[in-house]
Amino acid sequence: MGSLIHYSGISTKIRAMERWRIKPEQFEQMAALESVPEAVRFLRSLPPYEKIFSGVEDKELHRGRIEQLLNLAQYEDFASLYQFANMKQRRFLDLYFMHYEIGIVKTCLRNGAGRREAAQDLSGFKEFFDRHSSVDLAQLSQCRFIDEVISGLKGTIYYSPLESLRQKGQAVLPACETAVDMLYFKTVWKIKEKYLSGQEKKDLTQCFGTRMDMLNLQWICRAKKYYHLPEGEIYAMIIPISLHLKKTEIRAMAQAEDVEQVYALIRNSWYGRLDLGNLEKGQSLEEPCREVIDRIYELTSRKEPYSASVLNSYLYFKEREIEKIITTIERIRYGVAAGI
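Everything numeric in this text was worked out from a predicted model, so none of it was measured. (Residues numbered from 1 in each chain as written. Predicted model: local features only at pLDDT ≥ 70, side-chain atom pairs only at ≥ 80, totals over all residues. Heavy atoms only, no water.)

Visitor: How do you make sense of the nonpolar core when you look at a structure like this?
Guide: The biggest cluster of nonpolar side chains holds 114 residues, and the ones touching the most others in it are Y49, Y158, I266 and L276. With sequence-adjacent residues up to four places away left out, Y158 is seen in contact with M98, E101, I102, V105, V135, L153, V180 and L183. (Core = buried A, V, L, I, M, F, W, Y, C linked by side-chain atoms within 4.5 Å. Buried < 20%, exposed > 50% of the residue type's maximum accessible area, 1.4 Å probe, protein only. Contact = heavy atoms within 4.5 Å.)

Visitor: I would appreciate a short explanation of the pattern of salt bridges in the present structure.
Guide: It is possible for side chains bearing opposite charge to pair when their charged atoms get close. In this structure the tally under the stated criterion is 21 salt bridges. One salt bridge in this structure joins E200 and K88, with 3.8 Å as the shortest N-O distance. In this pair, E200 sits in helix α12 (residues 198-227) while K88 sits in helix α6 (residues 87-114), placing the two residues 112 residues apart along the sequence. On the basis of relative accessible area, E200 is assigned to the buried category, the value being 10%. Here K88 falls in the partly exposed class, since its relative accessible area comes to 38%. Note that K303 and D203 form a salt bridge whose closest N and O atoms lie 3.9 Å from each other. With K303 in helix α16 (residues 286-303) and D203 in helix α12, this residue pair connects regions lying 100 residues apart in the sequence. (Salt bridge = Lys/Arg side-chain N within 4 Å of Asp/Glu carboxyl O. Helix = DSSP H or I, 4+ residues; strand = E, 2+ residues; numbered from the N terminus.)

Visitor: Looking at this structure, how should I read the packing of aromatic side chains?
Guide: Pairs of aromatic rings are described using the distance from one ring centre to the other and the angle between the two planes. Summed over the entire model, instances satisfying the criterion amount to 20 aromatic pairs. Where F97 meets F128, the ring centres are 5.7 Å apart and the plane angle is 50 degrees; that geometry is what we call tilted. Of this pair, F97 sits in helix α6 while F128 sits in helix α7 (residues 126-132), and the two are 31 residues apart along the sequence. Across this residue pair, the class does not change: F97 and F128 are buried. Clustering of aromatic rings is evident, with ring pairs tying together Y75, F78, Y82, F92, Y96, F97, Y100, F125, F128 and F129. One residue, K13, lies across the ring of F84, its end atom 5.4 Å from the ring centre. Lying over the aromatic face of W189, K192 brings its terminal NZ or CZ to 4.2 Å of the ring centre. (Phe/Tyr/Trp six-rings, centres within 6.5 Å; stacked < 30°, edge-to-face > 60°. Lys NZ or Arg CZ within 6 Å of the ring centre and 35° of its normal.)

Visitor: Can you walk me through unusual backbone geometry in this structure?
Guide: Across residues other than glycine, the phi torsion is negative in most instances, and most of the peptide bonds are trans. For H228, which is not glycine, the phi torsion reads 50 degrees and is therefore positive. Checked against the element boundaries, H228 lands in the loop between α12 and α13 (231-237).

Visitor: I would appreciate a short explanation of the packing of helix α2 (residues 24-31) against helix α3 (residues 36-44) in the present structure.
Guide: When two helices pack together, their arrangement is given by the angle between their axes and by how far apart the axes lie. As a packed pair, α2 and α3 sit with axes 9 Å apart at the nearest point and diverge in direction by 150 degrees. Considered as vectors, α2 and α3 are oriented roughly antiparallel to each other. Here Q26, Q29 and M30 of α2 come into contact with α3, specifically with A39, F42 and L43. Looking at the contact of α2 with α3 residue by residue, the classes come out as 4 nonpolar, 2 polar and no charged. (Axes fitted to C-alpha atoms, helices over the stretch in contact; angles between N-to-C directions. Parallel < 35°, antiparallel > 145°, perpendicular 65-115°, else oblique. Nonpolar A, V, L, I, M, F, W, Y, C, P; charged D, E, K, R; others polar.)

Visitor: What am I meant to see in the side chain of K106 here?
Guide: Along the chain, K106 falls in helix α6. Polar contacts involving the side chain of K106 include one to the side chain of D181, which spans 3.1 Å. If we ignore the near neighbours within four places in the chain, the residues touching K106 are E177, V180 and D181. (Polar contact = N/O pair within 3.5 Å; in protein donor to acceptor, adjacent residues only side chain to side chain.)

Visitor: Is there a simple way to explain the side chain of E101 in this structure?
Guide: Here E101 lies in helix α6. R131 is the oppositely charged side chain nearest to the buried, salt-bridge-free E101, at an N-O distance of 13 Å. A polar atom in the side chain of E101 sits 2.4 Å from the side chain of S133. Contacts of E101, omitting those with residues within four sequence positions, involve F129, S133, S134, V135 and Y158. (Lys, Arg positive; Asp, Glu negative; His and termini not counted.)

Visitor: Would you mind going over the packing of helix α5 (residues 63-84) against α6 with me for this structure?
Guide: Where α5 contacts α6, the axes come no closer than 11 Å and their chain directions differ by 165 degrees. When the interaxial angle is binned, α5 and α6 end up roughly antiparallel. Handedness of the α5/α6 crossing: left-handed. Taken together, the residues of α6 that come into contact with α5 (itself represented by Q74, Y75, F78, L81, Y82 and Q83) are R90, L93, D94, F97, Y100 and I104. Classifying every residue of the contact of α5 with α6 gives 8 nonpolar, 2 polar and 2 charged. (Left-handed = near helix turned anticlockwise from the far one by under 90°.)

Visitor: Whenever I open this one, the state of the cysteines confuses me. Can you help?
Guide: Simply put, the disulfide is a covalent bond whose two ends are the sulfur atoms of two cysteines. In the structure shown here, the tally under the stated rule is 0 disulfides. Unpaired in this structure, C207 has its nearest cysteine sulfur neighbour in C289, at a distance of 15 Å. Here C207 falls in the buried class, since its relative accessible area comes to 0%. (Disulfide = S-S within 2.5 Å.)

Visitor: What is the right way to look at helix α15 (residues 259-267) in this model?
Guide: Residue pairs three or four apart in sequence face the same way in an α-helix, which turns once every 3.6 residues. Taken residue by residue, α15 has V259, V262, Y263 and I266 as its buried positions. The buried side chains of α15 occupy one side of the element, clustering within an arc of 100 degrees when seen end-on. Contacts from the buried residues of α15 go to α12 and α14 (247-255). Regarding α15, its N-cap is D258, as a side-chain oxygen of that residue lies 3.2 Å from the backbone nitrogen of E260 further along. (Arc of directions from axis to C-beta.)

What follows is the structure in structure tokens.
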């Protein structure tokens, strides 16, 4: 009853917001369009994206600008929920916010690695981040090299692990992205013990734990397939926390001769009973891993509709919607057949 009392209001708000989630048939309609401006006009007809894309001219519709606007739509949903939330719910949202921060940090690292001439425009996010973050977007937006990004993060929790890589001469993009991902999941794993309890903690453990397991599986497979890394280097790049993967299974995967041996070990693991049980030779692990994560988020939200799980699920699937929009628009841009 306590959860019902505390979450009935925000659960009702989320159900109202979910009504506007883009349906599969709407994605099919958008994928059938012939140009990016047509796709944007289609998005403008949908309530969650109407305001964001109003007044945007066709000449502005490059990938970076579209992604920026879509991220703003995501942040506006978060801000709307935060404003409506009570103190307990805000503690969870504060925890979740780190995910958005990581996204910005990784974008800046990628721009730094590419040594782009134009500075990254983060001005559209400034108001939102000023309310929730200690990251200085104005400074980061001017960074053109990874070293500059790391220096710009001084005073934040991201500085120490990245500065450590720089001191070792290892501040390259893959290592930096792995470092901030590890920091994120370690922090979430630790803080959830403080803020959550009971079934709520169990459900969110399932969500975050599954995401860590899926990331580790993908990193191990990439290390075997593309980089042929030795066992020791594989251990260094995976998150040292797991949910359903046993240490013996991870060790066996790190020692496997090739990716097909890793797939055989995955099929025999706990995840073999889910979508990862039917992995085929040469198949990418990315989509099956997403399907596993989607299923876990759906189950926890359905099981506990009056808990932090409903917030966690809504924000996760909003992000998935944004990813699908970007993929659909890029397929339209390059004339690739729909594959949503």
